[in-house]
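Secondary and tertiary structure notes
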Amino acid sequence: MVRTFIAVEPSDEIKTALADAGRSLLGTPARITAVQASLMHITLKFLGEVPESQLPKIRTALSGIHASPYQITVAGAGVFGRPPRVIKAEIEDCGATADLARQIDTLLQPLGIPRDPKPFSPHLTIARVREYSPALLPKIAALKQQPSFGTCTIGEVLLKKSTLTPSGPIYETIGGVKL
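All chains use their own residue numbering, which begins from 1 and follows the written sequence. Residues qualify for local features only when their pLDDT is at least 70, as the model is predicted, and side-chain atom pairs are given and counted only at 80 or more; totals for whole chains, interfaces and linings, by contrast, use all residues. To get the side-chain values, take all heavy atoms of the structure and skip hydrogens and water.

Okay, the environment of Ala77 next. Structurally, Ala77 is set in strand E4 (residues 70–80). Buried residues are those whose accessible area, probed at 1.4 Å on protein chains only, stays under 20% of the maximum for their type, while exposed residues exceed 50% and partly exposed ones sit between those limits. Residue class for Ala77 comes out buried when judged on its relative accessible area of 10%. Sequence separation between Ala77 and Cys94 is 17 residues, and the spatial gap between their C-alpha atoms is 17 Å. In this analysis, two residues are considered to be in contact whenever any of their non-hydrogen atoms come within 4.5 Å of each other. Those residues in contact with Ala77 that sit more than four places away from it in its chain are Lys88, Ala89, Glu90, Leu143 and Lys144. Secondary structure elements follow DSSP: runs of H or I of four or more residues count as helices, runs of E of two or more count as strands, with numbering from the N terminus.

What follows is the structure in structure tokens.
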């Protein structure tokens, strides 16, 4: 079995800016884990553990994606959960990333991979909150005022392998489709 997900990745400049934003959240009584730049991505579909024999079928299904390269702007910030569990950067893209996610759901359904019941919300995780403190709120508010972390072109959908280790996940690209 291979733990997998499908994603797109922003430019290295955006990843670096978001990693800096994650470090700006440190220094409060809250316990947070900032995401490393090298691990940042926009998840289109989390597949979880799939048999290795199914990977070629998934790659073939993904080759059916019909989309052109598109621009995203990463601006502002938000949170998931109350109190916040995830601090995220918002994605502005005229719905292009959500369209990709819908296509992927449709292409993978014949393989027995169900649609995600939750609505799709494109975002980039900046940090995960392990233990919340109200002292974190002003720092989150400052990120929300950030006009932009950058703009880039998304030109490829990636099939990624995720290996969980005690020091954090290791992601490896095992397939891709150019847009």
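Past the structure itself, the notes keep going.
If DSSP finds at least two bridges between two strands, the strands pair. With respect to topology, five strands assemble into an open sheet ordered E2-E6-E5-E4-E7, the strand pairing being antiparallel. Strands at the two margins of the open sheet, each flanked by one partner only, are strand E2 (31–34) and strand E7 (150–154). The average undirected angle you get between the axes of adjacent strands in this sheet is 30°. Between N-to-C directions, angles cover 0 to 180 degrees, with each direction set by a line fitted to C-alpha atoms, over the stretch in contact for helices. Its contacts with the sheet put helix H1 (residues 12–24) on E2, E4, strand E5 (86–92), strand E6 (123–131) and E7, and the angle it makes with E6 is roughly 20°.

In this section: the sheet that holds strand E8 (residues 156–165). The strands making up a sheet are joined through hydrogen bonds of the backbone, oriented either antiparallel or parallel. Strand order in the open sheet formed by four strands is E3-E1-E8-E9, and the pairing between neighbours is antiparallel. What marks the edges here is a single partner per strand, and that holds for strand E3 (42–50) and strand E9 (168–178). Each strand of the sheet is rotated relative to its neighbour by a mean of 25°, with strand direction disregarded. Both E8 and E9 contribute to a ladder of ten bridges, which runs antiparallel.

Here Thr28 shows up in the loop between H1 and E2. Look at Thr28 and you get buried, because its relative accessible area is 16%. Under the rule applied, a polar contact is a pair of N or O atoms within 3.5 Å (in protein, one hydrogen donor and one hydrogen acceptor; residues adjacent in sequence only if both atoms are side-chain atoms). Of note is the side chain of Thr28, whose polar atom sits 3.1 Å from the backbone nitrogen of Ala30. Leaving out residues up to four positions away in the same chain, Thr28 has contacts with Ala135, Leu136 and Lys139.

The next thing to look at is the layout of surface pockets. Points on a 1 Å grid over protein atoms alone make up a cavity when a 1.4 Å probe fits among them but cannot get out, and a pocket when they form an open set with protein on both sides within 12 Å along at least five of seven lines; lining residues each have an atom within 4 Å of a point. Grid points are joined across faces, edges and corners, and a volume is the space filled by probe spheres set on the points. In this structure, the largest pocket encloses a volume near 1200 Å³. In terms of lining residues, the largest pocket is bounded by 36 residues, among which His41, Thr43, His123, Thr125 and Arg128 are the most central. Each residue belonging to the lining of the largest pocket can be placed in one class, and the counts come to 18 nonpolar, ten polar and eight charged. Note on residue classes: Ala, Val, Leu, Ile, Met, Phe, Trp, Tyr, Cys and Pro are nonpolar, Asp, Glu, Lys and Arg are charged, and everything else, Gly too, is polar.

Bringing the pattern of salt bridges into the picture now. We count a salt bridge whenever a side-chain nitrogen from Lys or Arg sits within 4 Å of a carboxyl oxygen from Asp or Glu. For the coordinates displayed, the defined rule picks out eight salt bridges. Close ionic contact of Glu90 with Lys88 constitutes a salt bridge, the shortest N to O distance being 3.4 Å. For Glu90, a relative accessible area of 27% translates into the label partly exposed. Relative accessible area serves as the criterion here: at 7%, Lys88 is assigned to the buried category. Each of Glu9, Lys15 and Lys160 takes part in one network of salt bridges that share partners.

Here the focus is the state of the cysteines. A pair of cysteine sulfur atoms is labelled a disulfide when the two atoms are within 2.5 Å. The final tally for this structure, using the stated rule, is zero disulfides. Cys94 takes part in no disulfide bond, and the closest cysteine sulfur to it belongs to Cys152, at a distance of 14 Å. A residue is classified by how much of its surface remains accessible, and Cys94, at 87% relative accessible area, is exposed. Here Cys152 falls in the buried class, since its relative accessible area comes to 8%.

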